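# Fold and geometry: a report
This is what each chain is made of:
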Amino acid sequence: MNLLCRNPNISMKVNGVAYDFHNTGRGISLRRNGYELYLGFRWDQKEPYGEIGVSMFLPYKKGGENVIERFSYHHSLNRVSFDGDFVEGEFHNKILINNSHCFYAEFNGILNDGTQEVVITDGIVSITYDEPFDE
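Scope of this entry: the structure provided in the associated data block. (Residues numbered from 1 in each chain as written. Predicted model: local features only at pLDDT ≥ 70, side-chain atom pairs only at ≥ 80, totals over all residues. Heavy atoms only, no water.)

## Considerations on the overall build of the protein
Looking only at helices and strands, the protein has zero helices and 11 strands in total. Listing each helix as α and each strand as β along the protein from the N terminus yields β-β-β-β-β-β-β-β-β-β-β. Taking 2.2 N^0.38 as the reference for a compact globule, 135 residues should give roughly 14 Å; the C-alpha atoms of the protein span a radius of gyration of 15 Å, in line with that estimate. Here the protein holds 135 residues, and 41% of them are scored as buried. For the protein, long-range pairs separated by at least 24 residues make up 47% of all intrachain contacts whose partners lie at least 6 apart in sequence. By element, 46% of the accessible surface of the protein is carried by carbon and sulfur atoms, the whole surface being about 7,800 Å². (Helix = DSSP H or I, 4+ residues; strand = E, 2+ residues; numbered from the N terminus. Rg over C-alpha atoms; globule rule 2.2 N^0.38 Å. Buried < 20%, exposed > 50% of the residue type's maximum accessible area, 1.4 Å probe, protein only. Contact = heavy atoms within 4.5 Å. Areas by Shrake-Rupley, 256 points an atom, 1.4 Å probe, with all protein chains shown as cover.)

## Concerning the nonpolar core
Judged by nonpolar contacts, the single largest core of 33 residues is most densely connected at Met 12, Phe 41, Ile 52, Tyr 73 and Phe 103. Taken together, the elements giving at least two residues each to this core come down to strand 1 (9–14), strand 4 (34–45), strand 5 (50–59), strand 7 (70–77), strand 9 (90–98), strand 10 (102–112) and strand 11 (117–128). (Core = buried A, V, L, I, M, F, W, Y, C linked by side-chain atoms within 4.5 Å.)

This is the structure:
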């Protein structure tokens, strides 16, 4: 097992507040120029109600700088909702591992919808898949 994926962790700071997420799904789909990896994760609480959901899409098995093609973000915090796609904003990511057993990435970015701004810092996704993808 790779050392980076030894301790599963999905976390980030949203406007300076730290959140730990749970994995909600993963998948691979065939597209014209190879395979696309999908990862989803979520944070939620009941009282006071709040939720954050993220979906990431990127080429399967590709690593390096700014590989994530779509990073969709939604939150409902303190009765304020926000939806956006960080590919349209300022978003930086580094994919260190992207294979059939493990995924590890670091990211940060800024998204502004014209009325509010979301600043993501210290983003980490470290996942070891329960069942590896078929090679």
